[in-house]
Amino acid sequence: MPGISVAMPIHRQHPGLGRAIACVLGQDVDGDLDIMLVVNGSDPGAADAARAWGERDRRIRVLHHERASLSAAVNLALREARFELVARMDDDDECPATRFAVQGERLQDDPPLTAVGCAWELLNPDGGLQIQRPPTDARAMRSRLLLGNCLAHGSMMLRRDAVLGAGGYDESLERAQDYDLWLRLSRDLRVACVEQVLYRY
C-alpha cells in the first residue's frame with residue numbers, strides 16, 4: 001500500500017490528544033505515514049503540544065492556521081499532504097491499528113470512490129456505547145445522506161486530488177462542513193463505508 005497522510009486539526013490542548021496521536025502512530029500499514037498536526041487557531045497550549053509531538057517522531061509535521069476554522073485547517077492539510085490518501089482523525093477520538101489498512105484497501109479496490117468511512121462507536125457521557133453503521137454501498141449512502149449525516153468526520157479517508165478537485169471543504173460554513181462535502185461527493189456515488197467498526201467518537 002502507498003503511504004497515507006493524516007490530517008488532525010488541534011484547536012486546544014487536552015488529555016485525549018496523546019491517545020489520538022498514539023492511535024495514528026500505531027497503525028498497521030506497509031507504507032509511510034505523513035502525520036499533519038494542524039494547529040487550528042492561536043491557542044499557545046495547542047501549539048506547544050503539537051511542537052512537542054513533532055520533536056518526538058519524524059513522521060509528524062506541524063502546520064499552522066492562524067484563524068480557527070475546521071474547514072480551512074483540513075483544506076490546508078489536503079493541500080500539504082504528501083500522499084494521495086488522506087485519513088482524517090479528530091484529536092480526541094480513537095481507532096484500532098487496522099483502520100487505515102482496511103479503508104485504504106477499499107479505496108484501492110474501488111477507484112471511483114473519493115471518501116470512505118466506517119462503522120463507528122459513539123461513546124455517551126454515561127460511558128455507554130452506541131454503534132453506528134452507515135451504508136457500505138455508494139447508492140445506499142447517497143439515499144441515507146439525504147436524511148442526515150451518518151458519518152463521523154474523523155473516521156473518513158479521502159482521495160486528496162479528488163476532494164480538492166470538487167472544491168474541498170466550504171470555508172464559509174462554520175458547521176456541517178463535512179456533511180456539505182459528503183452531499184456534493186455523493187451525487188456522483190463517490191462516498192461509501194467499510195462494514196468494520198474502526199472508530200470511537
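Everything here concerns the structure above.
Residues numbered from 1 in each chain as written. Predicted model: local features only at pLDDT ≥ 70, side-chain atom pairs only at ≥ 80, totals over all residues. Heavy atoms only, no water.

Caption draft 1: Summary view of the pattern of salt bridges. Taken as a whole and assessed by the stated rule, the structure comprises twelve salt bridges. Glu 84 serves as the salt-bridge partner of Arg 160, at 3.3 Å between the closest nitrogen and oxygen. Residue Arg 160 is found in helix 6 (residues 160–165), and its partner Glu 84 is found in the loop between helix 3 (70–80) and strand 4 (85–88); the two are separated by 76 residues along the sequence. Given a relative accessible area of 17%, Arg 160 falls into the buried group. Classification of Glu 84 by relative accessible area gives partly exposed; the value is 28%. Note that Asp 110 is salt-bridged to Arg 106, the shortest N-O span being 4.0 Å. Judged by relative accessible area, which is 26%, Asp 110 ranks as partly exposed. Taking the relative accessible area as the measure of exposure, Arg 106 reaches 22% and is therefore partly exposed. (Salt bridge = Lys/Arg side-chain N within 4 Å of Asp/Glu carboxyl O. Helix = DSSP H or I, 4+ residues; strand = E, 2+ residues; numbered from the N terminus. Buried < 20%, exposed > 50% of the residue type's maximum accessible area, 1.4 Å probe, protein only.)

Caption draft 2: Representation of helix 2 (residues 44–56). With 13 residues, helix 2 should cover 18 Å at 1.5 Å per step; its first-to-last C-alpha distance of 19 Å lies within 8% of that length. For helix 2, the full list of buried residues reads Gly 45, Ala 46, Ala 47, Ala 49, Ala 50 and Trp 53. (Expected span 1.5 Å × (residues − 1).)

Caption draft 3: Spatial organisation of the nonpolar core. Counting 39 residues, the largest nonpolar core has Ile 4, Met 8, Ile 21, Ile 35, Leu 37, Met 89 and Phe 100 as the members making the most contacts within it. Elements represented by at least two residues in this core include exactly strand 1 (4–10), helix 1 (16–25), strand 2 (33–40), helix 2, strand 4, helix 4 (99–109), strand 5 (115–123) and strand 8 (191–200). Not counting residues within four places of it along the chain, the set of residues in contact with Met 89 comprises Val 6, Ala 7, Met 8, Pro 9, Ala 20, Cys 23, Val 24, Glu 94, Cys 95, Arg 99, Gly 154 and Tyr 199. Counting residues in hydrophobic clusters, the runner-up holds 25 residues, among them Leu 78, Leu 145, Met 156 and Cys 193. (Core = buried A, V, L, I, M, F, W, Y, C linked by side-chain atoms within 4.5 Å. Contact = heavy atoms within 4.5 Å.)

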